[in-house]
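# Reading the structure
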There are 2 protein chains.
Amino acid sequence: IMGYGSGSVSQHLGAAVAMIEGPVSVKGVTRLVQIDENKCVIDGTLDGLTPGKNQLSIHELGDISLGCESCGKIYNPPNSSDKKPIGDLGQVLADETGRAVFRMESDKIKVWDVIGRSMIIAGAKASVLSRMGCGIIARSAGLFQNSKKICAC
Amino acid sequence: IMGYGSGSVSQHLGAAVAMIEGPVSVKGVTRLVQIDENKCVIDGTLDGLTPGKNQLSIHELGDISLGCESCGKIYNPPNSSDKKPIGDLGQVLADETGRAVFRMESDKIKVWDVIGRSMIIAGAKASVLSRMGCGIIARSAGLFQNSKKICAC
Ligand SMILES: [Zn+2]
Ligand SMILES: [Zn+2]
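Keep in mind that what you see is a predicted model, and the values were worked out from it rather than measured.

## Re the overall build of chain A
The number of helices and strands found in chain A is 2 helices and 10 strands. Secondary structure elements of chain A, listed N to C terminal, follow the sequence β-β-β-β-β-β-β-α-β-β-β-α. Residues classed as buried in chain A amount to 51% of the 153 residues present. Taking the contacts inside chain A whose residues are at least 6 apart along the sequence as the reference set, 63% of them involve residues at least 24 apart. Put simply, chain A shows about 7400 Å² of open surface, and 54% of that area lies on carbon and sulfur atoms.

## Some points on the relation of the copies chain B and chain A
Here chain B sits on chain A after a turn of 180° about the axis and a move of 0.0 Å along it, with an RMSD of 0.0 Å. What we have between these two chains is a two-fold relation. Using C-alpha coordinates, one finds that chain B approaches the rotation axis most closely at Gly116 of chain B, a distance of 2.1 Å. Interface residue correspondence from chain B to chain A reaches 100%, placing this contact among same-surface, isologous pairings.

## As for the environment of Glu60 of chain B
Residue placement: Glu60 of chain B occurs in the loop between strand 4 (52–59) and strand 5 (65–68). Residue class for Glu60 of chain B comes out partly exposed when judged on its relative accessible area of 26%. Each C-alpha atom, one on Glu60 of chain B and one on Gly72 of chain B, is 5.5 Å from the other, the two residues being 12 residues apart in sequence. With sequence-adjacent residues up to four places away left out, Glu60 of chain B is seen in contact with Arg139 of chain A together with Cys71, Gly72, Lys73, Ile74, Tyr75 and Arg117 of chain B.

## With respect to the interface of chain B and chain A
Reports of interface size often rely on the accessible area that becomes lost once the parts have come together. If you look at the interface, chain B gives 19 residues, while chain A gives 19 residues. Inspection of the chain B/chain A interface yields 0 salt bridges. For the interface between chain B and chain A, the tally reads 8 residue pairs in polar contact (both at pLDDT 80 or more). Counting residues per element, the ones that place at least two in the side of chain B that touches chain A are strand 1 (14–21), strand 5 and strand 10 (138–140) of chain B.

## Remarks on the pattern of salt bridges
A complete count under the given rule lists 15 salt bridges over all chains for this structure. Residues Lys27 of chain A and Glu21 of chain A are paired through a salt bridge, measuring 3.3 Å at the closest nitrogen-oxygen approach. For Arg31 of chain B, the salt bridge identified is with Asp43 of chain B, shortest N-O distance 3.1 Å. Of this pair, Arg31 of chain B sits in strand 2 (residues 27–36) while Asp43 of chain B sits in strand 3 (residues 39–47), placing them 12 residues apart in sequence.

## Focus on the confidence of the model for chain A
Residues and elements named next belong to chain A. Summarising the model, chain A shows a mean pLDDT of 85, and 84% of its residues fall at 70 or more. Under a pLDDT of 50 for its full length, residues 1–9 has, in the predicted model, 16 contacts with residues more than four places off or in other chains. Overall, residues 145–153 carries pLDDT values under 50, and its contacts beyond four positions in sequence, including any with other chains, amount to 16 contacts.

## Overview of the environment of Gly123 of chain A
All names here are of chain A. Tracing the sequence through the fold places Gly123 in strand 8 (residues 118–123). For the pair Gly123 and Pro51, spaced 72 residues apart in sequence, the C-alpha to C-alpha distance is 9.9 Å. Apart from residues lying up to four places away in sequence, Gly123 is in contact with Asn54, Gln55, Ser130 and Met132.

## Things to note about the state of the cysteines
All names here are of chain A. A full pass over the atoms with the stated rule returns 2 disulfides over all chains. Here Cys68 engages in a disulfide with Cys134; their sulfurs sit 2.3 Å apart. The chirality of the disulfide connecting Cys68 with Cys134 is left-handed, given an S-S dihedral of about -90°. Of the two residues, Cys68 sits in strand 5 (residues 65–68) while Cys134 sits in strand 9 (residues 131–136), which places them 66 residues apart along the sequence. Classification of Cys68 as buried rests on a relative accessible area of 7%.

## With respect to the side chain of Lys110 of chain A
Residues and elements named next belong to chain A. Within the element layout of this structure, Lys110 appears in the loop between strand 7 (100–106) and helix 1 (111–114). Comment: no salt bridge for buried Lys110; closest opposite-charge side chain is Glu37, at 5.1 Å. Leave out the neighbours within four places in its chain, and Lys110 touches Gln34, Glu37 and Asn38.

## Section: the pairing of strand 2 (residues 27–36) of chain A
All names here are of chain A. Here strand 2 lies mainly inside the structure; 7 of its 10 residues are buried. Where strand 1 (residues 14–21) folds back on strand 2, the antiparallel hairpin that results is connected by 5 residues. Linking two consecutive strands that pair antiparallel, namely strand 2 and strand 3 (residues 39–47), is a turn of 2 residues.

Thresholds applied
Position labels on residues start from 1 in each chain and follow its written sequence. Each chain is given a letter, starting from A, and each ligand a number, starting from 1, according to the order in which they appear as written. A pLDDT threshold of at least 70 governs which residues receive local features in this predicted model, and a stricter bar of 80 or more applies before side-chain atom pairs are shown or counted, although totals over entire chains, interfaces and linings include all residues. In computing side-chain properties, one takes all heavy atoms of the structure into account and sets aside hydrogens as well as water. Counting from the N terminus, the helices are DSSP H or I runs at least four residues long and the strands are E runs at least two residues long. When a residue's accessible area, from a 1.4 Å probe over protein chains only, is under 20% of the maximum for its type it is buried; when over 50% it is exposed; and in between it is partly exposed. The contact definition used throughout considers only heavy atoms, calling two residues in contact when any of these lie within 4.5 Å. The protein chains shown are the only cover counted for residues, whose accessible areas, like all others here, come from Shrake-Rupley with a 1.4 Å probe. The atoms used to superpose the copies are C-alpha atoms, taken from residues with pLDDT of at least 70 in both, and the fit is least squares. The term salt bridge refers to a side-chain nitrogen of Lys or Arg lying within 4 Å of a carboxyl oxygen of Asp or Glu. Any pair of N or O atoms that falls within 3.5 Å is considered a polar contact. Within protein, one atom must be able to donate a hydrogen and the other to accept it, and sequence-neighbouring residues count only if both atoms are side-chain atoms. The predictor's confidence in any single residue is recorded as pLDDT, a number from 0 to 100. We call a pair of cysteine sulfur atoms a disulfide when they lie within 2.5 Å. We score Asp and Glu as negative and Lys and Arg as positive, and we do not count His or the chain ends. Any two strands with at least two DSSP bridges between them are considered paired.

Okay, structure coming up:
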């Protein structure tokens, strides 16, 4: 992961990985690392996207038994006071080849609250129909030995 | 799910689903429903197994980025006093077509502790090499509308 040292075990409070897949072309990996109580770093590389803006979000359920449609709505804990659901991670930009490489930080997402839920990439006008890829957010040791493959960096 | 009423929303404290897949032939679904504080019902149907005994277990990590090999060891919480790891769910029996249909109860597994980890089916002599299929244990609404397809019952 860019910025936390290379290949060695970095200190963190928890880590997760979501392998993203879609019915058509989307494929990729996103990773979540809880650096401290108030900082979750989310990074990833996604391929097969529509060039331009795409919407990244964490959804309530990790249930992909009916594909990306059974993942429920965007994750928002009941005690959230924000207007925007905290699972709404905003937009990631795909280049002309359909690849998006991103890294963001959140002071609201806690990795232990989202493990078992899902990560969804959707078209810019996010709706159930535009869900292009999804993956379960799975508990990880956070070693990320295969970071070169994932990061394309 | 057999025994909790048919198709309607049954009361539970939490539910999860793991879609199992393997590199060769294994495919199936397992479901976990926490009925009360001390009762987790685990059921499922798995196809493509070797007829006879197979080993079912919950593993520490849900990381399947390197297939069933990156799921870590059998889940056992640090405070467990049992000799056997609590993630060791014992054996399930596949019929001559390679199908295993099972239902078990655990007073040790709590669904909220295993969400984000993985379910693994392995040959009778469980070892990393014999891991025949795995899936991330994902958070589910627990409605299981498609229970007929899953249960073959
Ligand atoms: Zn990186
Ligand atoms: Zn059933």
